Amino acid sequence: MQTEAEWKFTAKDIAEKPDLFLSGHRACAGCGPATVLRLIMKAVRGPTIVTNATGCMEVVSSIYPYTSWAIPWLHTAFENAAANASGIEAALKILKKKGRSKHEHVDVIALAGDGGTYDIGIQALSGAVERGHDFLYVLYDNEAYMNTGIQRSGGTPLGASTTTSPAGTVIPGKLEHKKPIADIMVAHDMPYVATASPYYWRDLLVKVRKGLEVNGPAFLHVFAPCPRGWRSDPAKSIELSRLAVETCIFPLWEAVNGEYQLSTPSKVFALAPQKKKPVKEYLQVQGRFRHLFTPKFEKLTEEIQRVTDERWKRLLKKCGM
Amino acid sequence: MTAKEKSWKEISPAGVCWKSSTQFLTGDWKTYKPVRDLEKCTRCLLCVLFCPDGAIHWKPEKGDIEFDYNFCKGCGICANECPAKAIEMKLE
Ligand SMILES: Cc1ncc(C[n+]2csc(CCOP(=O)(O)OP(=O)(O)O)c2C)c(N)n1
Ligand code: SF4
Ligand code: SF4
Ligand code: SF4
């Protein structure tokens, strides 16, 4: 097994590695999830099979008769990416046992959006993790069901305006907080859980590789700004993925066998809290939060700040800081 | 564009073609196009890493990057993230 130093995750090495998620996909200009996929596919270590739940990334990469995947890729129904990954992994094991596989090992990656994970895919995911299948589950979180027209999901944050939680005279956008999905996965007693953000690309790649190296299930929650659903400038998708970490609205951490550990980009804000930015800086550049800057709903920004601080404090405690 | 490549508007809906999506040139979506100032560029390669469309390539033999406007959708991420401010988005 290679060590972390041998993974070759410098900008030059990555730029020289072949693309496995190819150009010509039909994602919108500035699509955060597309950058995430391009990056994670640079961290694979050998033969890999990807299975992808219905959602933007599945649709934009597999429009008939073309594919953007330079590796074996299977579409799965919206609700069962993890069940599909379990099946693939079990089949690979049998093939190997029967001597019909020429590969020593094949990695399996399940890929799904927040709708396909927080809401509809969670039972398949929970079951696959409980059975201990060896696969990496990547959740790209663009915080709504974007592919079908920006409906709210369990991953949509408080106050975000979506087509099923529209901000208007009655409600100030979504009424509930974001479900702590990665913590729910840690509670499954699994070997590896982590959060990542594409601005911190090296941290993201290292976590993908760690998730693949681990024996057993691994879960990676990746922040993925969507300019279309967030009503944000397409040029700012990567900037937003930085701001989310700098405001501690999306902190970066790992839990190895249940032991929480803050990742370096977030550690900066734990050690120097004065560097932590107010959440308003992150909210004000997105049209989905525009109404929070009107007198009627401005109290909600304070609530978002309060809950962000509370969750951050709780995380620091879990990380022993 | 070579003879085999087609713009997305020309692709026939009939017939399966097991070729990659790189045949599908998405570059005509853009209204703005990134233009780089060679003097300012430090070849840090961040634009290559962040481009959602894989439209910027590192050419080791030239020691430089190259834009592939066939796939660039003009999002402006490369310009926004360039630490040297070497990229300017210009109207097509
Ligand atoms: C059982 C089922 N219900 C509904 C749909 C319709 N559908 C397709 S994609 C999608 C939304 C996907 O949202 P998410 O998982 O967040 O991914 P995103 O589109 O944001 O990338 C829905 C509702 C479906 N395909 N299957
Ligand atoms: S709707 Fe959002 S996630 Fe979907 S392709 Fe467009 S930018 Fe990407
Ligand atoms: S990000 Fe800017 S400085 Fe870095 S390689 Fe691209 S153009 Fe050059
Ligand atoms: S404008 Fe967007 S699509 Fe075009 S090269 Fe820059 S990052 Fe890539």
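The rules behind each value
Residues numbered from 1 in each chain as written. Chains lettered and ligands numbered in written order. Predicted model: local features only at pLDDT ≥ 70, side-chain atom pairs only at ≥ 80, totals over all residues. Heavy atoms only, no water. Near = heavy atom within 4 Å. Nonpolar A, V, L, I, M, F, W, Y, C, P; charged D, E, K, R; others polar. Helix = DSSP H or I, 4+ residues; strand = E, 2+ residues; numbered from the N terminus. Polar contact = N/O pair within 3.5 Å; in protein donor to acceptor, adjacent residues only side chain to side chain. Contact = heavy atoms within 4.5 Å. Pairing = 2+ DSSP bridges. Axes fitted to C-alpha atoms, helices over the stretch in contact; angles between N-to-C directions. Buried area = accessible area lost by both parts, 1.4 Å probe. Salt bridge = Lys/Arg side-chain N within 4 Å of Asp/Glu carboxyl O.

## Focus on the site of ligand 4
For step 1, the next point in the chain: As a structural note, the neighbourhood of ligand 4 is formed by 14 residues, with Cys51(B), Cys72(B), Cys75(B), Gly76(B) and Cys78(B) the closest of them.
For step 2, the next point in the chain: Grouping the constituent residues of the shell around ligand 4 by class yields ten nonpolar, two polar and two charged.

## A word on the side chain of Glu254(A)
Residues and elements named next belong to chain A.
For step 1, the next point in the chain: Along the chain, Glu254 turns up in strand S7 (residues 253-256).
For step 2, the next point in the chain: A distance of 2.9 Å separates the side chain of Glu254 from the side chain of Lys210, its partner in a polar contact.
For step 3, the next point in the chain: With residues near it in sequence (within four places) discarded, Glu254 still touches Tyr192, Val193, Ala194, Lys207, Lys210, Glu259, Tyr260, Gln261 and Ser263.

## Focus: the sheet that holds strand S1 (residues 48-53) of chain A
All names here are of chain A.
For step 1, the next point in the chain: Sheet architecture is open: eight strands sit in the order S2-S1-S3-S4-S6-S5-S7-S8, paired in mixed fashion. This sheet does not close on itself; its edge strands, each paired only once, are strand S2 (73-76) and strand S8 (259-262). In this sheet, adjacent strand axes meet at a mean angle of 15° when their direction is disregarded.
For step 2, the next point in the chain: Two elements, S1 and S2, share four bridges in a ladder whose sense is parallel. Looking across to S2, one finds that Val50 is bridged to Trp73.

## Describing the interface of chain A and chain B
For step 1, the next point in the chain: At the interface, 34 residues of chain A touch 33 residues of chain B.
For step 2, the next point in the chain: Among the residues chain A hides against chain B, the three largest losses belong to Ser23(A), Pro65(A) and Tyr66(A). Together they make up 22% of the total.
For step 3, the next point in the chain: Seen at the junction of chain A and chain B, the total is zero salt bridges.
For step 4, the next point in the chain: One can count 17 residue pairs in polar contact (both at pLDDT 80 or more) joining chain A with chain B.
For step 5, the next point in the chain: The biggest single contributor to the side of chain A that touches chain B is helix H1 (residues 11-16) of chain A, with five residues.
For step 6, the next point in the chain: Among the residues making up the side of chain A that touches chain B, the classes are represented as 19 nonpolar, eight polar and seven charged.

Bear in mind that shape data such as this cannot, by itself, settle questions of function.
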